Protein chains: 2
Amino acid sequence: MDKKGILVVVSGFSGAGKGTIMKQLLEEYPDRYALSISATTRKPRPGENHGREYFFVSKAEFEEMIVREALIEYAQYVGNYYGTPREYVCQQLEKGKDVILEIEIQGALKVKEKYPDTLLLFISPPGAGELKNRLVNRGTESKAVIESRLNRAWQEAQGVENYDYFVINDDLEECVQEVHSIIQNEHARVARNHAVIENIRAELKDFAKGD
Amino acid sequence: MDKKGILVVVSGFSGAGKGTIMKQLLEEYPDRYALSISATTRKPRPGENHGREYFFVSKAEFEEMIVREALIEYAQYVGNYYGTPREYVCQQLEKGKDVILEIEIQGALKVKEKYPDTLLLFISPPGAGELKNRLVNRGTESKAVIESRLNRAWQEAQGVENYDYFVINDDLEECVQEVHSIIQNEHARVARNHAVIENIRAELKDFAKGD
């Protein structure tokens, strides 16, 4: 079986419970996964730590990272930069860890373009009604905000066809296990095992000759 | 999640333990899987039953099945016909069962051509040495037969690139669970969930309009 780590992008509708699933996955399998930490130029919020939630950098630093291609992907959002530093991701993959990027659809497609063997997972609640209920039940958002979130979710759903798996989060623990087994099974993909197959083939050829 | 059954082809080197894995899988999950039964013109061996190991038919009957396209694939081997009757497979898929065909590489590729969403699994022992040992340890085969088997395995290994997964049978029970989870995860493939995704998208659009 392929021992190199797999780059995994996890996206999903806001309100799909993606963050909770990732947290749980990393708690249950700390040796298998590494979560990529984004760099951003936005200011830290209370309780956020440099190197935990984000790498907080200046605009000049971020633009310097762009220039020396130190980012796998980046985007601007509400006047701030967000991006995925390449170095940490590559280190963890080399160690054999599956590295999870929790990013949005546009970023995901950029990553897939650069690294075609990236595994793309999309997390969804069981239905749109469920998504609406979760947003309403938070009780913190106005009707206009909820509608704009749902509109955004609808736009996000445009790119889902480019993903590999559409995982429904009905029960948290079941969903965590499903995500885990999808990623682990990916190691058994023929496309990731050419070297292993080539070895067996060469050995068989020798044995068949009567060695 | 996609509720229709998936057509699964399982192939593997002879001596890889494929038959045992399938038997175990069907015993553990009788409600999820159906094993396709081949039709053949060869004579039943002692202990074999019509409709259990094979459907035993005459050459005329088999050729009539070919003419009316009642077979998904068929081949001739040592003067006998072997083929996969379509009707049973389709019935079981409609019922939502994942249908397993245990056939060889040539047949597998014919099935994939006709039904492109077929999932192809290849079962292998951990290495060619292991395969040789298993054949030698059976103690029933001469050196010449073993070499011809290994040669055949080497030839089979030529088509493995067309498969989706390369599953290593190191520990029987682990391998059964891996095969099970690969097949079950396949139901979450985006390509098998277009209708589900389309529904959520349509609902989101309505909600975002404030319905």
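Scoring rules and cut-offs
- Residues numbered from 1 in each chain as written.
- Chains lettered and ligands numbered in written order.
- Predicted model: local features only at pLDDT ≥ 70, side-chain atom pairs only at ≥ 80, totals over all residues.
- Heavy atoms only, no water.
- Pairing = 2+ DSSP bridges.
- Helix = DSSP H or I, 4+ residues; strand = E, 2+ residues; numbered from the N terminus.
- Axes fitted to C-alpha atoms, helices over the stretch in contact; angles between N-to-C directions.
- Contact = heavy atoms within 4.5 Å.
- Phe/Tyr/Trp six-rings, centres within 6.5 Å; stacked < 30°, edge-to-face > 60°.
- Buried < 20%, exposed > 50% of the residue type's maximum accessible area, 1.4 Å probe, protein only.
- Lys NZ or Arg CZ within 6 Å of the ring centre and 35° of its normal.
- Salt bridge = Lys/Arg side-chain N within 4 Å of Asp/Glu carboxyl O.

J.: Summarise the sheet that holds strand 2 (residues 33-35) of chain A; cite the residues concerned and give the values.
T.: Remark on secondary structure: sheet strands pair via backbone hydrogen bonds, oriented parallel or antiparallel. All names here are of chain A. Spatially, 5 strands are ordered 2-7-1-8-9 in an open sheet, and the strand pairing comes out parallel. With partners counted over all chains shown, the strands left at the sheet margins are strand 2 and strand 9 (165-168), one partner each. Ignoring which end each strand starts from, the neighbouring axes of this sheet average 30° apart. Taken together, the 3 bridges between strand 2 and strand 7 (residues 98-102) define a ladder with parallel strand orientation. Paired with Leu35 across the two strands is Ile100, which belongs to strand 7. Across the sheet, helix 1 (residues 18-28) is in contact with strand 1 (7-12), strand 2, strand 7 and strand 8 (119-124); its angle to strand 7 comes to roughly 160°.

J.: A description of the packing of aromatic side chains should follow, citing residues and the corresponding values.
T.: According to the stated counting rule, one finds 20 aromatic pairs over all chains in the structure shown. Ring geometry for Tyr74 of chain B and Tyr81 of chain B: centres 6.2 Å apart, planes at 65°, overall edge-to-face. Residue classification places Tyr81 of chain B among the buried residues on the basis of a relative accessible area of 10%. Each member of the aromatic cluster is reached from another via a ring pair, and the members are Phe13, Phe122, Tyr163 and Phe166 of chain A. Looking at Lys110 of chain A, its charged tip hangs above the ring of Tyr74 of chain A, at a distance of 6.0 Å from the centre.

J.: Provide a residue-level description of the pattern of salt bridges, including the pertinent values.
T.: All names here are of chain B. Within this structure, the stated rule accounts for 28 salt bridges over all chains. Arg42 is paired through a salt bridge with Glu48; the nearest N and O atoms lie 2.9 Å apart. This pair shows no difference in class: Arg42 is buried, exactly as Glu48 is. Among the ionic pairs, Glu63 bridges to Lys59, the shortest N-O distance being 3.9 Å. Of this pair, Glu63 and Lys59 both sit in helix 2 (residues 59-67), 4 residues apart, roughly one helical turn.

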